[in-house]
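Remarks on the overall topology
Below, each chain spelled out in residue letters.
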Amino acid sequence: MLKRKYLFPHVIEMNYQAGRRLGVNVYLIDGGSEFLLIDIGYMDTVEEIVELIRKMDFNLSTCKMVIATHADADHIQGLTRARELFKTKVAAHPLSVPPLETGDEILTYATIKAQGISIPMPPCKVDLLLHEGDVIKVGDVQLQVWHTPGHTAGQLSFKMGNLLFSGDNIYKDSCVGVIDAHHGSNIPEFIASLKRILHDDATFLLPSHGPVFRRDNRILQKAIDRLTEYQYMADFGTCAIGWPLLDEWEADVCAGRMPNFSGQ
């Protein structure tokens, strides 16, 4: 039997448990009489994760659900296999259901042709819908469901006491989840989600990638300030809400103002 490595009471993260990088952060919430998983990761690590859970002396039949924080392949490619092995329910936000149940390779980031990325994306039935304000009871503990869109439309976070499982909203280095029109990113919504985290009282943030960290509002504010600028930068294409330079150029053209190169 393996000794359980709890990060916090009731919380085991499977990369820390394994002592090596398995991929996306997979959180096991131990409620005593039952447990659940937040994300599962890629297909090729599912069976190793299941075996680790078995070796920690958890009864697999007490897995209440496997939650998809959102429908990106690195988080959910192994979801169908996990559902089979645990014989449990899959839970997600309603806006994550279409890409999950169709196995949409573009929305899930399973296929990015320009970078030569193409992995299988098995469709997965979603058994339980999670909405803003729902409370998930797992044994002796409860998680409050937050809908925190921006990275994707269906991104979820979960509050448990002074812990916030923050998904791909924010990482310790102030980076955020990928902003890309092809899988539904929305910068204004992203900023709103970050501000919600900024004004919350959570002590620790447990992201979907990288280390768990004590919440530091400077990290969050740095990301908010950066994304606020992104809204007006052509770099982000249709994810931007405007491009001031083009507006200024159009005004000059319409007013008949020609470029002035004097002094250059």
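Structure: see above.
A brief structural summary. Predicted, not measured: the structure shown is a model, and the values here were computed from it.

Attention shifts here to the side chain of S157. Within the secondary structure, S157 is located in strand 12 (residues 156-160). Residue classification places S157 among the buried residues on the basis of a relative accessible area of 0%. Reaching out from S157, the side chain makes a polar contact with the side chain of N169 at a distance of 3.1 Å. Residues in contact with S157, not counting those within four places in the same chain, are Q144, V145, W146, T148, L164, F165, S166, G167 and N169.

Turning next to the pairing of strand 5 (residues 63-67). In terms of residue burial, strand 5 counts as a mostly covered element, since 4 of its 5 residues are buried. Direction of pairing for strand 4 (residues 35-38) relative to strand 5: parallel, over a ladder of 4 bridges. Looking across to strand 5, one finds that F35 is bridged to C63. Read as a crossover between parallel neighbours, the route from strand 4 over helix 2 (residues 43-55) to strand 5 is right-handed.

The next subject is the pairing of strand 4. Here strand 4 shows two buried faces, one formed by F35 and L37 and the other by L36 and I38. As paired strands, strand 3 (residues 27-30) and strand 4 are joined by 4 bridges and run antiparallel to one another. Counterpart to D30 in the pairing with strand 4 is F35. Joining the antiparallel neighbours strand 3 and strand 4 is a turn of 4 residues, in which G32 adopts a positive phi near 95 degrees.

On to the pattern of salt bridges, then. One pass over the structure, following the stated rule, counts 13 salt bridges. With a shortest N-O distance of 3.2 Å, E84 and R81 are connected by a salt bridge. One end of the pair is E84 and the other is R81, both in helix 4 (residues 79-86) and 3 residues apart, which spans about a single turn. Classification of E84 by relative accessible area gives partly exposed; the value is 46%. Under the relative-accessibility criterion, R81 is labelled partly exposed at 31%. The closest approach of N and O atoms between K159 and D200, which form a salt bridge, is 3.1 Å. One end of the pair, K159, is in strand 12; the other, D200, is in the loop between helix 6 (187-198) and strand 14 (204-207), with 41 residues separating them in the sequence. Salt bridges sharing common partners tie together E47, R81 and E84.

Read from one edge of the open sheet, 6 strands run 10-11-12-13-14-15, paired in mixed fashion. Across the chains shown, the open sheet's two edge strands, defined by having one partner strand only, are strand 10 (135-138) and strand 15 (213-214).

In this section: the environment of T111. Its place among the elements puts T111 in strand 7 (residues 111-112). Contacts of T111, omitting those with residues within four sequence positions, involve E105, I106, I117 and S118. A distance of 2.8 Å separates the side chain of T111 from the side chain of E105, its partner in a polar contact.

The next subject is the nonpolar core. Among the nonpolar cores identified, the biggest contains 34 residues, and M14, L37, I53, L79 and F86 are the most heavily contacted of them. Looking at this core, the elements that each hand over two or more residues are strand 4, helix 2, strand 5, helix 3 (73-76), helix 4, strand 6 (89-92) and helix 5 (97-102). Other than its neighbours up to four places away in sequence, F86 contacts F35, L37, V50, I53, L60, C63 and V66. With 23 residues, the next largest nonpolar core counts V11, V141, L143 and F158 among its residues.

Each value, and the rule that gives it
- Residues numbered from 1 in each chain as written.
- Predicted model: local features only at pLDDT ≥ 70, side-chain atom pairs only at ≥ 80, totals over all residues.
- Heavy atoms only, no water.
- Helix = DSSP H or I, 4+ residues; strand = E, 2+ residues; numbered from the N terminus.
- Buried < 20%, exposed > 50% of the residue type's maximum accessible area, 1.4 Å probe, protein only.
- Polar contact = N/O pair within 3.5 Å; in protein donor to acceptor, adjacent residues only side chain to side chain.
- Contact = heavy atoms within 4.5 Å.
- Pairing = 2+ DSSP bridges.
- Right-handed = clockwise from strand over helix to strand, strands pointing away.
- Salt bridge = Lys/Arg side-chain N within 4 Å of Asp/Glu carboxyl O.
- Core = buried A, V, L, I, M, F, W, Y, C linked by side-chain atoms within 4.5 Å.

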